[in-house]
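Next come the chains, spelled out residue by residue.
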Amino acid sequence: MAIFVITAFSFAAAMPNALLYAQADGTPIDAVAEANPVSDATDSADSPNSPGSPDSFRSVRMESQPDVSQRAWESRPYQVAVWICHRGEPQLAAVEGDLIRAIEAYCELLDPSAWFVNAGTPPPHWRNLLYKNFENTEGFTGFETDPELHFYDKLMVVKLDQQGSTTHVAVREIDLQTGQWGPVVDRTASSVKHLGLIIGGGVEDAFMPLAKIERVDEKDKVHIRARGLEACIRVSFSSDRVAEIEPITSSPVYVRDDDRFLPIIRKTDRSGDLVSLDPIPFTFLTLDSIDGSSMVASIQSSQRAPLSQRKSKRSQKLAIVIRPVQRSSVLHLQSYAAKNETPTPLEGYEVWARKPGDTKDVESEFIGKTDWQGNATIPPADSGLRLLYIKRGSRALRKLPVIPGFKDRLISQLPNDDARLFAEGVINGYGNDIINLVVQRELLEVDIRNALDGDNFEDAKTKMREYQDLETPADLKVRMSNEEIRLKSLTSDQREFEYISKMFGNLRQLLNSKVTGSRAIELQQRIQQRMMEKGASG
């Protein structure tokens, strides 16, 4: 059996003690919350309007905006709610109220000032969708406009799979301002008794702090300001009983030195309504320094200047912390394709990995090659963020910063460089031809000199004929020019076209430096002179 717990964080200064219950109409999507307080004494799965009933839910709706939402960004707590949904199994329905109270108590003890947690259950239409699509939620929309989630900032989805006395807990967050789903956090509860605490711990680990991107300076350093960090404080007493205020470093709201931020562009129209939410692909921010809620970060990206968009009142740059989980991701490489064409999986591409801050003398880690489907498995790393480098042949094609486990599947499109790879093989062949020509000429010159020193004129003339039969530099240049023209005709990619031109240019430089010209005439004259000195006939 399976259960969902959805947690949204609320920043109400005080929440009503009585929980709202609502009964869904015949069509679940038209469910309307009704005030129907039910005491703990009536929390029974046998009651038609109880939380265990398939068509009922505990409402977490806030009727007005909490006062704390008016605070400055860096002091504003996160607003959160908790939904619990399940199929109405008697055992789970019986402990539903206990789970809600345990989650709320756990989160309040963890940090009583920077987040507040209100628990309930989702309307049936959300519950069923989330239950069936827990790991495939990218296309879900409408959370930010649902009346149940008005005034909330975050929503946690906790899926419970119960087998006997053991319950598997899987937690995901969706940040309602950015629409960003977080990675799945897995936990296991050995008994229902401790299930609420286990869920609370999962919520803690799945939480993703939010920040504003204020500016990017001339050195490409990103200046950001974290939300709620100055509310993440508590009072402690020193040994002489003097009260001191200190940050709650164990709070999920607290930003740590090794946290990685995903930048997201949020665009609205003139009315302030949401137009788009665009995470910048394969881009993360790594922290260089932290000064309270102000931070400076470096950009790790597959793009050049990914945050260079023009400033606009209707465009907001945000960044959300992505904390790694110990789980792999699948990287899928495919070719660019025209509008009506299907991308082709790219097989045999090498995947190498480095860590942020690695110097050039640190060796890259070889992850593997893409299979016939264009897939490669990227394992987790201790640093969380991996800098992947995609190579084929001797050329690095793309840099892809990734956090394994954040997404189950990552897709990157690359130009199909079969023409470039074929050209690289041809060019390497010509390089070998040049080296072989140099070696053969030098060996034959030595053989001719040795034959003349021993007055072995027939052997000298035989070696001379072999020398004259070697390809001349001029002939080799003609053959290379013809091959360059043919290879360029195989590609329409300007980048590949320029690569082929550059490599053949390097070949010509090598040829000119190693083979300065034929010495056939000089060698022939030496043979004739030596034969005349010895009185030998031609």
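Going by the structure above, here's the rest.
Summarised in this report is the structure supplied together with it. (Residues numbered from 1 in each chain as written. Predicted model: local features only at pLDDT ≥ 70, side-chain atom pairs only at ≥ 80, totals over all residues. Heavy atoms only, no water.)

Section: the overall build of the chain
Turning to step 1, where the next piece is worked out: Each helix and strand counted, the chain has nine helices and 25 strands in total.
Turning to step 2, where the next piece is worked out: Classification of the 538 residues of the chain by burial places 47% in the buried group.
Turning to step 3, where the next piece is worked out: Nonlocal contacts in the chain, meaning residues at least 24 apart in sequence, comprise 68% of its contacts between residues at least 6 apart.
Turning to step 4, where the next piece is worked out: Summing over all exposed atoms, the chain offers an accessible surface of approximately 26900 Å²; the carbon and sulfur share of this is 48%. (Helix = DSSP H or I, 4+ residues; strand = E, 2+ residues; numbered from the N terminus. Buried < 20%, exposed > 50% of the residue type's maximum accessible area, 1.4 Å probe, protein only. Contact = heavy atoms within 4.5 Å. Areas by Shrake-Rupley, 256 points an atom, 1.4 Å probe, with all protein chains shown as cover.)

Examining the pairing of strand β13 (residues 243–247)
Turning to step 1, where the next piece is worked out: Note: strand β12 (residues 233–237) against β13, five bridges, orientation antiparallel. Looking across to β13, one finds that S236 is bridged to E244.
Turning to step 2, where the next piece is worked out: In sequence, β12 turns back onto β13 through a hairpin of five residues, with R241 there showing a positive phi of about 65°. (Pairing = 2+ DSSP bridges.)

Observations regarding the environment of I378
Turning to step 1, where the next piece is worked out: Considering the arrangement of structural elements, one finds I378 in strand β22 (residues 375–378).
Turning to step 2, where the next piece is worked out: Overall, I378 belongs to the buried group, its relative accessible area being 0%.
Turning to step 3, where the next piece is worked out: Distance from I378 to G368, taken between C-alpha atoms, is 8.8 Å for residues ten residues apart in sequence.
Turning to step 4, where the next piece is worked out: Among all residues touching I378, those that are not within four sequence positions of it are S328, S329, L331, V351, I367, R386, L388, V402 and P404.

Regarding the side chain of R172
Turning to step 1, where the next piece is worked out: Here R172 lies in strand β7 (residues 166–175).
Turning to step 2, where the next piece is worked out: We classify R172 as buried; its relative accessible area is 5%.
Turning to step 3, where the next piece is worked out: Apart from residues lying up to four places away in sequence, R172 is in contact with F134, E135, N136, T137, E138, L155, M156, V157, W181, G182, P183 and V184.

Topic: the sheet that holds strand β23 (residues 386–392)
Turning to step 1, where the next piece is worked out: One open sheet accounts for four strands, arranged β21-β20-β23-β24; its pairing is antiparallel. Of all strands in the sheet, those bounded by a partner on one side alone are β21 (365–369) and β24 (395–402). Pairwise comparison of adjacent strand axes, ignoring direction, gives a mean angle of 25° for this sheet.
Turning to step 2, where the next piece is worked out: Relative to β21, strand β20 (residues 350–354) runs antiparallel, the two sharing four bridges. (Axes fitted to C-alpha atoms, helices over the stretch in contact; angles between N-to-C directions.)

A short note on a nonpolar patch on the surface
Turning to step 1, where the next piece is worked out: Among the surface-exposed residues, I233, V235, F237 and I245 lie close enough to one another that they form a single nonpolar patch of about 430 Å² accessible area.
Turning to step 2, where the next piece is worked out: Relative to the helices and strands, F237 is located in strand β12.
Turning to step 3, where the next piece is worked out: What makes F237 exposed here is its relative accessible area of 61%. (Patch = residues over 30% accessible without salt bridge, like charges linked within 9 Å, V, L, I, M, F, W, Y side chains within 5 Å. Salt bridge = Lys/Arg side-chain N within 4 Å of Asp/Glu carboxyl O.)

Some points on the nonpolar core
Turning to step 1, where the next piece is worked out: Residues W115, V171, I199, V203 and I322 are the most contacted members of the largest nonpolar core, which totals 45 residues.
Turning to step 2, where the next piece is worked out: The dominant element in this core, judged by the number of residues it contributes, is helix α2 (residues 96–110), at five residues.
Turning to step 3, where the next piece is worked out: Grouped together as the second largest cluster of nonpolar side chains are 28 residues, L437, F457, L511 and V515 included. (Core = buried A, V, L, I, M, F, W, Y, C linked by side-chain atoms within 4.5 Å.)

Examining helix α7 (residues 473–488)
Turning to step 1, where the next piece is worked out: With 16 residues, α7 extends 22 Å from end C-alpha to end C-alpha; this agrees with the ideal 22 Å at 1.5 Å per step.
Turning to step 2, where the next piece is worked out: All of the buried residues in α7 are P473, L476, M480, E483, E484, L487 and K488. Each buried residue of α7 sits inside an arc of 125° when the element is viewed along its axis, so together they form one side. For α7, exposure combined with an orientation more than 90 degrees from the buried face picks out V478 and I485. (Expected span 1.5 Å × (residues − 1). Arc of directions from axis to C-beta.)

Brief notes about the sheet that holds β22
Turning to step 1, where the next piece is worked out: Spatially, three strands are ordered β22-β19-β25 in an open sheet, and the strand pairing comes out mixed. Since the sheet does not close on itself, it has two edges, and those belong to β22 and β25 (409–414), each with one partner. Averaged over all neighbouring strand pairs, the angle between strand axes comes to 25°, with direction disregarded.
Turning to step 2, where the next piece is worked out: The pairing of strand β19 (residues 329–335) with β22 spans four bridges and is antiparallel. Bridge pairing in β22 links S329 to I378.

So, the pattern of salt bridges
Side chains carrying opposite charge are able to pair once their charged atoms draw close together.
Turning to step 1, where the next piece is worked out: Considering all chains together, one arrives at 19 salt bridges under this definition.
Turning to step 2, where the next piece is worked out: Between E365 and R386 there is a salt bridge, with the nearest N and O atoms lying 3.0 Å from each other. Here E365, found in strand β21, pairs with R386, found in strand β23; they are 21 residues apart in sequence, far enough to count as distant.
Turning to step 3, where the next piece is worked out: One salt bridge in this structure joins K488 and E484, with 3.0 Å as the shortest N-O distance.

Things to note about the environment of P124
Turning to step 1, where the next piece is worked out: Relative to the elements of secondary structure, P124 occurs in helix α3 (residues 124–132).
Turning to step 2, where the next piece is worked out: Overall, P124 belongs to the buried group, its relative accessible area being 2%.
Turning to step 3, where the next piece is worked out: The spacing of P124 and H86 is 38 residues in sequence and 9.6 Å in space, taken between C-alpha atoms.

Examining the packing of helix α6 (residues 457–469) against helix α9 (residues 520–533)
When two helices pack together, their arrangement is given by the angle between the helix axes and the distance between those axes.
Turning to step 1, where the next piece is worked out: Across the interface, α6 lies against α9 with an axial gap of 11 Å and an inter-helix angle of 170°. With respect to each other, α6 and α9 are oriented roughly antiparallel. Note that α6 runs across α9; the crossing there is left-handed. In this structure, α6 contributes F457, A460, K461, M464, Y467 and Q468 to the contact, and α9 contributes A520, L523, Q524, I527, R530 and M531.
Turning to step 2, where the next piece is worked out: A class-by-class count of the residues in the contact of α6 with α9 yields eight nonpolar, two polar and two charged. (Parallel < 35°, antiparallel > 145°, perpendicular 65-115°, else oblique. Left-handed = near helix turned anticlockwise from the far one by under 90°. Nonpolar A, V, L, I, M, F, W, Y, C, P; charged D, E, K, R; others polar.)

Here we look at the packing of α7 against helix α8 (residues 494–514)
Turning to step 1, where the next piece is worked out: Relative to each other, α7 and α8 sit at 175°, their axes nearing to 10 Å. Relative to α8, the element α7 lies roughly antiparallel. Residues P473, L476, K477, M480, S481, E483, E484, L487 and K488 of α7 touch α8, and the partners they reach there are F497, I500, S501, F504, L507, R508, L511 and N512.
Turning to step 2, where the next piece is worked out: Counted by class, the contact of α7 with α8 contains nine nonpolar, three polar and five charged residues.

Observations concerning the packing of aromatic side chains
Turning to step 1, where the next piece is worked out: Throughout the structure, instances matching the rule amount to six aromatic pairs.
Turning to step 2, where the next piece is worked out: Ring geometry for Y78 versus F207: centroids 5.0 Å apart, planes at 85°, classification edge-to-face. Taken together, the residues Y78 in strand β4 (residues 78–86) and F207 in the loop between α4 (195–206) and β10 (210–216) connect sequence positions 129 residues apart. Accessibility classification places Y78 together with F207 in one group, the buried group.
Turning to step 3, where the next piece is worked out: Centre to centre, the rings of F143 and W181 are 5.9 Å apart; their planes meet at 75°, and the pair counts as edge-to-face. Of this pair, F143 sits in the loop between α3 and β6 (154–163) while W181 sits in strand β8 (residues 180–181), and the two are 38 residues apart along the sequence. Exposure class is identical for F143 and W181. Each is buried.
Turning to step 4, where the next piece is worked out: The positively charged end of K154 is found above the aromatic ring belonging to F207, 5.0 Å away from the centroid. (Phe/Tyr/Trp six-rings, centres within 6.5 Å; stacked < 30°, edge-to-face > 60°. Lys NZ or Arg CZ within 6 Å of the ring centre and 35° of its normal.)

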